[in-house]
Amino acid sequence: MNKFILIVLVALIGQFKGSAQIFEPVTWSTTVEKISDSEYNLVTTATIDKGWHLYSQDVPEGGPIPTTFTYDDQGGKIIILGNTSEEDGHTINDPVFEMEIKFFENRATFKQKVEIPDETSSISGTVEFMVCDDTKCLPPTEVDLTFKIGVPDHSASSDATQGADAEAQKGDSVYKTPSKSTSSTNNSNSRSLWAIFIIAFFSGFAALLTPCVFPMIPLTVSFFTKQSKTKAQGIRNAIYYGISIVVIYVLLGWLVSFIFGADAMNALSTNVWFNLAFFLLLVVFAVSFLGAFEITLPQSWANKVDAQSNRSGLIGIFFMALALAIVSFSCTGPIVGTLLVEAAVGGNTVGPIIGMLGFSLAIALPFALFAAFPGWMNSLPKSGGWLNTVKVFLGFLELALAFKFLSQADLVLQLHLLEREVFLAIWIAIFGALAFYLFGKIQLPHDSPVTYISVGRLSLGLLVLSFTIYMIPGLWGAPLNLISAFPPPQHYSESPYGVGFTKLGGGGSANSHEALLQGAHLLEPHDILAFDDYDKGLAYAKKVNKPVMIDFTGWACVNCRKMEQNVWPKPQILDILKNDVVLVSLYVDDKRKLPEDQIQESKVRPGKMLNTIGKLWTELQILKYKSNTQPLYVLMDHNEENLIDPVAYTPDVDEFHDWLKRGIANFE
């Protein structure tokens, strides 16, 4: 549930979309290490802008483009010894490619051992690579490398392409990167931390409404107001008490960050054993909230801390706050644990600290406010069985969230034990049982007898029941966009198209042709007629008098798949793609060779030849649209003029629909 709310909040905050620009996030440099009189290590170092990923040399087939090195052996004079080695990097299970993929962040070093004769002064080579960040991928790029023998401290040049100045031709500069290319990542990180803070803040309010914490509010506030000589002193002591609560929980968040570190956090979300451990941990938390047992810290801790709380001054107040944290652990512990897990798996070392700051502020604020305005306490509801209902409600949410982690482990191992239908069936059962509980049809330990249900409880029960019914069509292939981040993807199921799904149903351009045109294909699962050849697509658009929508995409483009899976299937978008435009999908990482008569010299990278289809489309995108990121969507007329400014990754359906409608209106 925390993840679901996080997704909604991030969507409300808005997604950052970079304008058309040329990104160059990798700087390449070379050095040479002498091993013996005739053996050397050719060392290539990639300096990677923050937020970008450079992929490993070893990427499974069907994944992103691997980093590939080639070296000029000068007609056999240079002996290449073994393969190019690389550092450990990070290995994750990519949910889009459904495979383990290794990548590098910040910096990566590659070494190739060679044996060379004495008269050799330099060795040339090339590196082909691909980089992505959280919102876009760049097409595969080749860079020239020069290794100066006998000059171990000299950083030899990479190619002069993609923004490097003319000096790169001489071997005196590196492959340069504009600083603005990191703005998207910084913006995204800022949004993520704000989202963590907001979710943690509301989770803190949920913790307040549990039997372990809520009754403590009037008792603690009463202590400060009665034991203080003046009202001002009481308020001041309550504020110190609240600050102490914040300090205690923030220290806990810092401890988690310190123990795990950034590298471990990056591994948490995809490591099988971490996911299984989180699953078991959340199940234990859930069972505890449901009333099977209570998770408590050792009583001796509480006794020792309580004894210290009798000390006067700020020290005593701090230990009072620590006593609250220990005594209320049976209610706050599962919430705190879940928050720390969720913040940590985001891969941000600051996440757990921000999470605990938000959580503790929500806990601390009532104590300070009610101490300042004690009359407000009269408006508080009395303690009672409703507090245990809140606790049980949180237990059901913990249980549902636990299966997300189990699903992640199943996806990594490709066991197909928890496919989409099974996952949804479990969630339907959990939330269905929660609805029955809220309606008073199920009673759990520590529940008070239910003679009637309040309007609020009835409303919440109806909301949960509606959500349960909403999930049921997902068993038959419904996309369930509200929870798309939770269940396994649609293709990871017993029936990827859904039971009863008709591939060409709904009418449109795909089924208005008895046979596919040359150069055309159908994009599954919605079977949109698309061309992968620019000229053939343009010719067909002229024939049927429709505008052209160019889709600069890539087989290894993560956000291209997100658009195709989450935005394009929407009815208003799908209708336009099938009936009102001619889609031309140009894959910038298409490795198929161009015919000999179409091979040409690059205008972007003089001296380099465009010998693959992907390089041709990359050149077109850079020259005409001043962009090298995917996806990029262009609407143009038959004279190849833009009908509207191109757009990049646009997850907002209404925004993307408005862009399509305005472009088509300009064509008409």
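Look up: the structure comes first, before these words.
Residues numbered from 1 in each chain as written. Predicted model: local features only at pLDDT ≥ 70, side-chain atom pairs only at ≥ 80, totals over all residues. Heavy atoms only, no water.

A.B. asks: Please give an account of the overall build of the chain that cites residues and values.
C.D. replies: When you go through the chain residue by residue, the secondary structure sums to 17 helices and 18 strands. Per-residue burial over the chain gives 49% buried out of 668 residues. By sequence separation, contacts in the chain at least 24 residues apart represent 70% of the contacts at least 6 residues apart. Taken as a whole, the chain presents about 30600 Å² of accessible surface, with 59% of it coming from carbon and sulfur. (Helix = DSSP H or I, 4+ residues; strand = E, 2+ residues; numbered from the N terminus. Buried < 20%, exposed > 50% of the residue type's maximum accessible area, 1.4 Å probe, protein only. Contact = heavy atoms within 4.5 Å. Areas by Shrake-Rupley, 256 points an atom, 1.4 Å probe, with all protein chains shown as cover.)

A.B. asks: Go over the sheet that holds strand β15 (residues 582–587), please, and point to the residues and values.
C.D. replies: Spatially, β12-β13-β15-β14-β18 is the arrangement adopted by the 5 strands of the open sheet, whose pairing is mixed. Either end of the sheet is taken by a strand with one partner, and the two such strands are β12 (520–523) and β18 (632–636). Within this sheet the neighbouring strands show an average axis-to-axis angle of 35°, counted without direction. Pairing analysis gives 4 bridges linking β12 to strand β13 (residues 528–531), with the strands arranged antiparallel. The residue bridging H521 from the neighbouring strand is A530, located in β13. Strand contacts of helix α13 (residues 534–544): β13, β14 (548–553), β15 and β18, with the helix running at about 175° to β15, the strand carrying the most contacts. Lying on the sheet, helix α17 (residues 653–667) is in contact with β14 and β18; it crosses β18 at an angle near 25°. (Pairing = 2+ DSSP bridges. Axes fitted to C-alpha atoms, helices over the stretch in contact; angles between N-to-C directions.)

A.B. asks: Can you lay out unusual backbone geometry for me, pointing to particular residues and giving the numbers?
C.D. replies: Positioned with a positive phi, N106 is a non-glycine residue whose angle comes to about 70°. One non-glycine residue with positive phi stands out, namely K626, at about 50°. The residue K626 is located in the loop between α16 (613–625) and β18 in this model.

A.B. asks: Account for the pattern of salt bridges, naming residues and giving values.
C.D. replies: Scanning all chains against the criterion turns up 6 salt bridges. One salt bridge connects E39 with K113, and the closest N-O pair in it is separated by 3.7 Å. Of this pair, E39 sits in strand β2 (residues 39–48) while K113 sits in strand β8 (residues 107–115), and the two are 74 residues apart along the sequence. Accessibility expressed as a relative area gives 33% for K113, which makes it partly exposed. The shortest N-O distance in the salt bridge between K615 and E142 comes to 3.2 Å. One end of the pair, K615, is in helix α16; the other, E142, is in strand β11 (residues 141–148), with 473 residues separating them in the sequence. Relative accessible area serves as the criterion here: at 21%, E142 is assigned to the partly exposed category. (Salt bridge = Lys/Arg side-chain N within 4 Å of Asp/Glu carboxyl O.)

A.B. asks: Pulling in residues and values, what's your account of the nonpolar core?
C.D. replies: Core analysis: the largest hydrophobic core is formed by 32 residues, its most contacted members being W427, F431 and L434. Of all the secondary structure elements, the ones that give two or more residues to this core are α5 (272–290), α10 (385–413), α11 (420–438) and α12 (455–471). Excluding residues that lie within four positions of it along the chain, W427 makes contacts with A400, F403, F467, M471, I483 and F486. Counting residues in each nonpolar core, the second largest holds 29 residues, with L208, Y249, M356 and F359 among its members. (Core = buried A, V, L, I, M, F, W, Y, C linked by side-chain atoms within 4.5 Å.)

A.B. asks: Can you explain α17? Please cite residues and give values.
C.D. replies: Across its 15 residues, α17 extends 21 Å between first and last C-alpha, which sits within 8% of the 21 Å expected from 1.5 Å per residue. For α17, the complete set of buried residues consists of V653, F656, W659, L660, G663 and I664. For α17, the angular spread of buried residues about the axis comes to 130°, placing them on one side. For α17, the capping residue at the N-terminal end is D652, with a side-chain oxygen 3.1 Å from the backbone nitrogen of D654. (Expected span 1.5 Å × (residues − 1). Arc of directions from axis to C-beta. Polar contact = N/O pair within 3.5 Å; in protein donor to acceptor, adjacent residues only side chain to side chain.)

A.B. asks: Explain the packing of α11 against α12 to me, using residue names and the numbers behind them.
C.D. replies: Between two packed helices, the angle of one axis relative to the other and the distance separating the axes together describe the packing. Two elements in contact, α11 and α12, have axes whose closest approach is 8 Å; the angle formed by their N-to-C orientations is 160°. Judged by the inter-axis angle, α11 sits roughly antiparallel to α12. As for the relative orientation of α11 and α12, their crossing is left-handed in sense. For the pair formed by α11 and α12, the contact residues are W427, I428, F431, G432, L434, A435, Y437 and L438 on the first element and R457, L460, G461, V464, L465, F467, T468 and M471 on the second. Partitioned by chemical class, the residues of the contact of α11 with α12 number 12 nonpolar, 3 polar and 1 charged. (Parallel < 35°, antiparallel > 145°, perpendicular 65-115°, else oblique. Left-handed = near helix turned anticlockwise from the far one by under 90°. Nonpolar A, V, L, I, M, F, W, Y, C, P; charged D, E, K, R; others polar.)

A.B. asks: Could you give an account of the sheet that holds strand β10 (residues 131–132), naming the residues involved and the relevant values?
C.D. replies: Pairing within the open sheet is antiparallel, and its 4 strands lie in the order β6-β7-β3-β10. Strand pairing shows two members of the sheet lacking a second neighbour, β6 (90–94) and β10, which therefore form its edges. As paired strands, strand β3 (residues 53–55) and strand β7 (residues 99–104) are joined by 2 bridges and run antiparallel to one another. Bridge assignment links Y55 to a residue of β7, and that residue is F103.

A.B. asks: An account of α13 is requested, with residue identities and associated values reported.
C.D. replies: Taken together, the buried positions of α13 are Y534, G537, L538, Y540 and A541. Down the axis of α13, the buried set is contained in an arc of 165°. They therefore lie on one face. Exposed and oriented more than 90 degrees from the buried face of α13 are D535 and K543. If you follow the buried residues of α13, they end up packed against β13, β14, β15, α16 and β18. The opening residue of α13, the one whose side-chain oxygen lies 3.1 Å from the backbone nitrogen of D535, is D533. Directly beyond the C-terminal end of α13, a positive phi value near 55° is found at N545.

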